[in-house]
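Tertiary structure, described
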Amino acid sequence: MSWIPFKIGQPRKQIVSKTVERDFEREYEKLQKVEDQTKKLHKDMKKSTEADLAMSKAAVKISGDLLSNPLCEQDLAFLESMTALDTAMKRMDAFNQEKVNQIQKTVIDPLKKYSSVFPSLNMAVKRREQALQDYKRLQSKVEKYEEKEKTGPIMVKLHQAREELKPVREDFEAKNKQLLDEMPEFYNSRIDYFQPSFEALIRAQVAYFTEMHKIFTELTDQIDQGSLTDEQRKQENEAKLNELRALSIVAND
Amino acid sequence: MEPNRASGNDRENEKGERKDKDKGIKRRNRLFIRYLERRKTDTIVDDDASKGDISIATLVRRSHSDKTEYSAKLKEKMSPHDLSSPTSPAMDPDEIRLRRMTKRSKVIEELVRTEGDHQKDLELCISEVLLPLRAAQVVDVDRLFTNTESVCEVSAELLQRLKYAVADPDPETQLIGEVFIQTKAVMEDVYKVYCYHHDEANALLESYEAQEDIQQHFRRCISALKKIYDQEGKPNLLDMGSLLIKPVQRVMKYPLLLAELWNATPTDHPDNRPLQEALTTVKIINININEFKRRKDIVLKYKRSDDETSLMGKLNKLNIHSIRKKSDRLTSYFKILTGVEPQVRDEAFDREEKLFRSLEKAVRQLVKNTSCYLLYTQEMISIAVQNAQDLEAIIKDPDKIDTNGFQHKRNGSDPYKQFKDQMEQLVLAPLSSLLGMFASPQKLIQKRYDKLLDYCSQLDSRSSKEEQGLAKKDYLALNAQLLEELQCFNRAVRTILTNCLICVVKLIQKLMEAAQPPVLQIPVPMSNFSEVQNSIMEELSNLGFFKENSQKLMERKVSFEKRDKKTVPEIPRQMEEQRAWLLEEYAVDRLYQLKRNCNACQQSDISLLEGELVALLEDRDPMGSSSRWLVHTGSTQGYVYSSFLKAYNPQREVTERPDDFDNLSLFVSNSRSSSMRSFSPYSASDSVSPAAQDEPDPSEDQHFYAVYAFQARCEQELTLQENQHVRILQFSDLVGNKDWWLAESNGQKGYVPANYLGKMSYA
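What you are looking at is a predicted structure, and each value in this text was computed from that prediction instead of being measured. (Residues numbered from 1 in each chain as written. Chains lettered and ligands numbered in written order. Predicted model: local features only at pLDDT ≥ 70, side-chain atom pairs only at ≥ 80, totals over all residues. Heavy atoms only, no water.)

1. Quick look at the pairing of strand S4 (residues 637-641) of chain B
What counts, and what does not: Think of it in three bands: with a 1.4 Å probe and only protein chains considered, a residue is buried below 20% of the maximum accessible area for its type, exposed above 50%, and partly exposed in between. Here a helix means four or more residues in a row that DSSP labels H or I, a strand means two or more in a row labelled E, and each is numbered from the N terminus. Two strands make a pair as long as DSSP finds a minimum of two bridges between them.
For S4 of chain B, the tally of buried residues reaches four of five residues, placing the bulk of the element in the interior. If you look at the hairpin formed by strand S3 (residues 628-632) of chain B and S4 of chain B, you'll find four residues sitting between the two strands, and Gly-634 of chain B has a positive phi there, around 105°.

So this is what it looks like as structure tokens:
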């Protein structure tokens, strides 16, 4: 808060009423919060797209490495299943990229644009502040002259001061009013602004996951001939591992 | 078998003793074949002689003196020798045959009987010891007794067949050999397994020595067994160890029995040939069992030795022998490295090894990549949740709460968590333990390679047959063992790998399914999505503070724009009355008319429009230049360039239409004149007279001179020398470029750059 605190010991006439001050402050605070939140969301969304891309790349690596393994030359069935896996992973990557682009367009860029409004707001508030200072200064000058005895030169000065004060006060009033009117408007606009973004985000996710689900269902049908349940598979693995442990060439651990 | 007592059937009571002797002897039989070859005569007491078997040990010690004699006799027995006994040449063939037949029948009887005993012993063992122990569940019965039950079964079958074979009363047609040939496969398998695990069983037994309660169990069982034996008159049972060793002894007895039988069989007996075959078979069984054990031993030995990594251990191992070995290996290795083919190759092994390596790589990579993937997924989901929270925070306010679809993000963490857990369980755990298992075979393969090198170098070198034989044996044993087991290993690994891959895919599929947000009504995609947002942005920009302040923030841009938009101040037109006044006031010859518009650029200049009337007051300017004249417009006075004025001819009120072209040139000329002013010292002679395309009137305004020399670069251009006079025909080139003027000089025409020219003033 940058309001000049009252000078101690000097009773001042309230230039700007307390309620007005409070309102102003409240609105401004809300907007400041929105600003912070927007920035944070922007940063987080960027991070999330990066994480998305990294994840996708890791998945492609799984299949890529296996495909390049010499095992594929020796075992034809393995080669087939690996190719299928690789294709699926690559498709997943492509879709992911698309999703990320979509999100970039519909969420991240608009976020940025929205953020660009804030500097102007901040500047406007600063200027109002300046205007207020000027106003206060001149007002105190006028009061000072008013308190002095009404001699000629004093009267002249008083008159001058009053003249000076008028435009400044008007300026301040104008700024104040402007901001007080426009800040709530700005604040309310954010909902309408973000809603489409958010909907687009959901839509992109839904599309992605449906597509992925389809791809992977196809894939499981392709490579899973045995169709055992997970439990059965686990047991089979355990059995095989025990078999291996029984071999003499394997170390006993 | 008991050589000199073969004929004696009445040594029942000695059987016990014999059996004891057998035990000691049978123990040695494990190395029997080698024994024969090496002729070792010292006592070979196996390491795993169970300590409880005191009688065995004493027996061995006691019968030490007997051994040499015994072994000699044994050898005699084993080697095929003439059936005809040299001691009785006088006997006729028939008698010999008869004797043989008697012997044969006796041996057969013994065979059958001992088999029966053996089988019964096994049965008793099972019923009295194995089953109670199993019920008590204090010892690992399976590891102790391995496949005793199967052994018992096999023995029973053998017995049955033997009985069947001897059921035939005619001794000529009793075919024993066949029986063994038929059962050899089964026998081999069963006894192989038993013998293979016998060592372990013994070790286990030893470990149980310390445990008193188990010992109690043992004692109890054995005493029960002993009771039964006592009833049957076979007081020879000692303890668990001797129980366990029975099958081992039995299988080693077969060669001896069969050898004897064969010796006793006359050549013309139909059983001769089969017996011979059976004998070989049984011998082979024993060899196989030995070999099997040997392989296992070798593997164990090398596996164990590789585990010792302490420095002291390594130093201890260093001795001449090992150093020589290692240097030999190195040479062989280099030989191979330089392209010399090793003499010994095993294609199958190489294939298996290659497979082994690929599998290892595959498993390793899968583990790494899957964990990587998992990691990223976790990261992503945590950030996504964060995003949802942020968005919510922004939109949420006392006013309006839009919760549509927020739920999906929050629930998203659960399927992901499940994904992670299951992935770890089903895929990563088995794969990691699998990966650990690769290490040991790896070492053994390396060892085998070393052995191979040894063997190869042995083949080359002149080492003794013995050493060669040893190296070869080592290599072959290791090779065979590894080959067999690698095949198993690879197969199993492959299955596990495939399973894990399928798991991965299924898990991902499940995840994708679950991660779909359960949004019931997805709002219709707004085609005007961007428009909506743009419109909002516009509204925002219309907000006062934005407008003002964003302008302030973009000062430079704005100022540029403003400069362009500077409106040209209005030039007041001359009024009619002013003209009238001028006409009145001044003589005609002092009245001039503006040829064109002119803008005031210097101080005290005035802007005039074309056609306006002015009266000349002074034909000089304060600086003395005659190109600027002081004129009176009727309302104001100011300076105008003389070139803009022409004499006023009242008859000809020609209003020349202002040309955009000319106007432009005025502006341009203004700017150019300012630029020209900068480098031309002849500041008086500046402003260009507007090009009049029509009359080439030789007025002052078309005479210029070259301030600088100019070299024409092409046909269209005109070469100028310094201070050369030229006449301008056009004040622009064909495309309207003001910088090039069409000039004429000395009959030649060409374009010259405008800024090389200076105005001629005849003033």
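2. Focus on the sheet that holds strand S10 (residues 757-759) of chain B
All names here are of chain B. Note the threshold: Under this scheme, a helix contributes an axis fitted over its contacting stretch, all axes are lines through C-alpha atoms, and angles between N-to-C directions fall in the 0 to 180 degree range.
Across the sheet, which stays open at both edges, the five strands sit in the order S9-S8-S7-S6-S10 with antiparallel pairing between neighbours. Two strands in the sheet have a free side with no partner beyond their single neighbour: strand S9 (748-753) and S10. Across the sheet, the axes of successive neighbouring strands diverge by a mean angle of 45°, strand direction being ignored. The sheet contact formed by strand S6 (residues 703-706) and S10 spans three bridges and is antiparallel. Across the sheet, residue Phe-704 finds its bridge partner in S10, namely Lys-759.

3. Observations regarding the interface of chain B and chain A
The cut-off we apply is this: By definition in these notes, contact holds between two residues if any of their heavy atoms fall within 4.5 Å. Summed over both partners, buried area is the accessible surface (1.4 Å probe) that two parts give up on being assembled. When a carboxyl oxygen of Asp or Glu is within 4 Å of a side-chain nitrogen of Lys or Arg, the pair counts as a salt bridge. Side-chain atoms alone can form a polar contact between residues adjacent in sequence; in general such a contact is a pair of N or O atoms within 3.5 Å, and within protein one must be able to donate a hydrogen while the other accepts it.
In this assembly, 96 residues from chain B lie in contact with 92 residues from chain A. Roughly 8,800 Å² of surface becomes buried between chain B and chain A when both sides are summed, with 68% attributable to carbon and sulfur atoms. The tally of links from chain B across to chain A stands at zero salt bridges. Inspection of the chain B/chain A interface yields four residue pairs in polar contact (both at pLDDT 80 or more). Where the side of chain B that touches chain A is concerned, the elements lending two or more residues are helix H11 (272-307), helix H14 (347-395), helix H15 (406-411), helix H16 (413-437), helix H17 (439-460), helix H18 (465-515), helix H19 (529-542) and helix H20 (544-553) of chain B. A per-element tally of the side of chain B that touches chain A places H18 of chain B first, with 25 residues.

4. Observations concerning the pattern of salt bridges
Per the stated rule, a full pass over the model turns up 21 salt bridges over all chains. In this structure, Asp-44 of chain A and Lys-40 of chain A form a salt bridge, with 3.6 Å as the shortest nitrogen-oxygen distance. Of this pair, Asp-44 of chain A and Lys-40 of chain A both sit in helix H1 (residues 18-67), four residues apart, which is roughly one turn of that helix. Across the salt bridge formed by Glu-717 of chain B and Arg-713 of chain B, the nearest N and O atoms sit 3.3 Å from each other. Glu-717 of chain B sits in the buried class, given a relative accessible area of 13%.

5. Topic: a negative patch on the surface
Note the following rule: A patch is a set of surface residues, each over 30% in relative accessible area and not in a salt bridge, joined within 9 Å for like charges and within 5 Å for the nonpolar side chains Val, Leu, Ile, Met, Phe, Trp and Tyr. Surface accessibility follows the Shrake-Rupley procedure with a 1.4 Å probe radius. Residue values consider only the protein chains on display as shielding. In this count, Lys and Arg are taken as positive residues and Asp and Glu as negative ones, while His and the chain termini are left out. Every charge is mapped onto a representative atom, which is NZ of Lys, CZ of Arg, CG of Asp or CD of Glu.
The grouping of Glu-185 and Asp-192 of chain A together with Glu-538 and Glu-539 of chain B at the surface amounts to a negative patch. Of all the secondary structure elements, the ones that give two or more residues to the negative patch are helix H5 (152-223) of chain A together with H19 of chain B. Looking at where Glu-185 of chain A falls in the secondary structure, it is placed in helix H5.

6. Observations concerning the sheet that holds S3 of chain B
Residues and elements named next belong to chain B. Strand order in the open sheet formed by five strands is S4-S3-S2-S1-S5, with antiparallel pairing between adjacent strands. Edge positions in the sheet fall to S4 and strand S5 (645-647), since each has one partner strand and no second. On average, adjacent strands in this sheet sit at an angle of 50° to one another, irrespective of strand direction. The pairing of strand S2 (residues 613-618) with S3 spans three bridges and is classified as antiparallel. Along S3, the bridge assignment pairs Ala-615 with His-632.

7. Topic: the packing of aromatic side chains
Threshold: In this analysis, rings of Phe, Tyr and Trp, with Trp reduced to its six-membered ring, are considered paired at centre separations within 6.5 Å, and the interplanar angle assigns stacked below 30 degrees, edge-to-face beyond 60, and tilted for intermediate values. Working rule: Lys NZ or Arg CZ, within 6 Å of ring centre, within 35 degrees of ring normal, means a charge sits over the ring.
Taken as a whole and assessed by the stated rule, the structure comprises 17 aromatic pairs over all chains. Aromatic pair Tyr-641 of chain B and Phe-644 of chain B: ring centres 6.2 Å apart, planes at 75°, arrangement edge-to-face. Relative to Phe-731 of chain B, the ring of Phe-704 of chain B lies with its centre 6.0 Å away and its plane at 65°, an arrangement referred to as edge-to-face. Remark: Phe-731 of chain B occurs in the loop between strand S7 (725-730) and strand S8 (740-745) and Phe-704 of chain B occurs in strand S6; sequence separation between them is 27 residues. With relative accessibility at 1%, the residue Phe-704 of chain B sits in the buried group. Positioned above the aromatic ring of Phe-24 of chain A is the side chain of Arg-128 of chain A, whose terminal nitrogen or guanidinium carbon lies 3.8 Å from the ring centre.

8. Details of the UniProt feature "coiled-coil region" (unreviewed entry) in chain A
All names here are of chain A. Let me state the cut-off plainly: UniProt positions are given in the numbering used here, feature names are shortened, and annotations may be inferred rather than shown by experiment.
Taking the numbering used here, the UniProt-annotated feature "coiled-coil region" (unreviewed entry) corresponds to residues 17-51 and 121-148. Spanning residues 17-51, this segment combines 97% helix with 0% strand, and its end C-alpha atoms are found 51 Å apart. A helix fraction of 96% and a strand fraction of 0% characterise residues 121-148, whose end C-alpha atoms lie 41 Å from each other.

9. Here's the deal with the packing of helix H7 (residues 148-167) of chain B against helix H8 (residues 176-209) of chain B
Residue and element names in this part refer to chain B. The condition that has to hold: Geometric relationships in this document are graded by angle, where less than 35 degrees denotes roughly parallel, more than 145 denotes roughly antiparallel, 65 to 115 denotes roughly perpendicular, and other angles denote oblique. When residues are sorted by character, Ala, Val, Leu, Ile, Met, Phe, Trp, Tyr, Cys and Pro go into the nonpolar class, Asp, Glu, Lys and Arg into the charged class, and all the rest, Gly among them, into the polar class.
Taken N-terminus to C-terminus, the directions of H7 and H8 make an angle of 175°; their axes are 10 Å apart at the nearest point. Between H7 and H8, the angle falls in the class roughly antiparallel. Packed against H7, whose contacting residues are Thr-148, Ser-150, Val-151, Val-154, Leu-158, Arg-161, Leu-162, Ala-165 and Val-166, the element H8 presents Ile-176, Val-179, Phe-180, Gln-182, Thr-183, Val-186, Met-187, Val-190, Tyr-191 and Tyr-194 at the interface. Here the residues of the contact of H7 with H8 sort into 14 nonpolar, four polar and one charged.

10. Things to note about unusual backbone geometry
Residues and elements named next belong to chain B. In this model, Asn-723 sits at a positive phi of 65°, which is unusual for a non-glycine residue. With respect to the element layout, Asn-723 can be found in the loop between S6 and S7. A positive phi angle, close to 55°, is found at Asn-746, a residue other than glycine. Structurally, the position occupied by Asn-746 is in the loop between S8 and S9. Taking relative accessible area as the criterion, Asn-746 reaches 72% and is therefore assigned exposed.

11. Description of the nonpolar core
To be explicit about the condition: By nonpolar core is meant a set of buried Ala, Val, Leu, Ile, Met, Phe, Trp, Tyr and Cys residues that side-chain atoms within 4.5 Å join together. Throughout the structure description, domain borders are defined by an automatic or database domain assignment.
Among the nonpolar cores identified, the biggest contains 74 residues, and Met-92, Phe-216 and Leu-244 of chain A together with Tyr-373, Leu-434 and Phe-489 of chain B are the most heavily contacted of them. A domain split of this core shows at least three residues from each of domain 1 (93-304) and domain 2 (344-393 + 414-516) of chain B. Residues contacting Leu-434 of chain B, with those up to four places away along its chain left out, are Leu-241 and Leu-244 of chain A together with Val-363, Val-493 and Ile-496 of chain B. Tyr-191, Val-248, Met-252 and Leu-279 of chain B belong to the second-largest nonpolar core, a separate cluster that totals 60 residues.

12. A look at the environment of Val-505 of chain B
Here Val-505 of chain B shows up in helix H18. Setting aside residues no more than four positions away along its own chain, Val-505 of chain B makes contact with Leu-85, Phe-216, Leu-219, Thr-220 and Ile-223 of chain A.

13. Quick word on the packing of H8 of chain B against helix H10 (residues 240-264) of chain B
Residues and elements named next belong to chain B. For clarity, the cut-off: Crossings are classed by handedness, with left-handed meaning an anticlockwise turn of the near helix from the far one by less than a right angle and right-handed meaning a clockwise turn.
Packing of H8 against H10 brings their axes to within 10 Å, and their N-to-C directions diverge by 150°. What the angle tells us is that H8 and H10 run roughly antiparallel. The handedness of the crossing between H8 and H10 is left-handed. In contact with Ile-176, Phe-180, Met-187, Tyr-191, Tyr-194, Cys-195, His-198, Ala-201 and Leu-205 of H8, H10 contributes Met-240, Gly-241, Leu-244, Ile-245, Pro-247, Val-248, Arg-250, Val-251, Tyr-254, Leu-258 and Leu-261. Here the residues of the contact of H8 with H10 are counted per class, giving 17 nonpolar, two polar and one charged.

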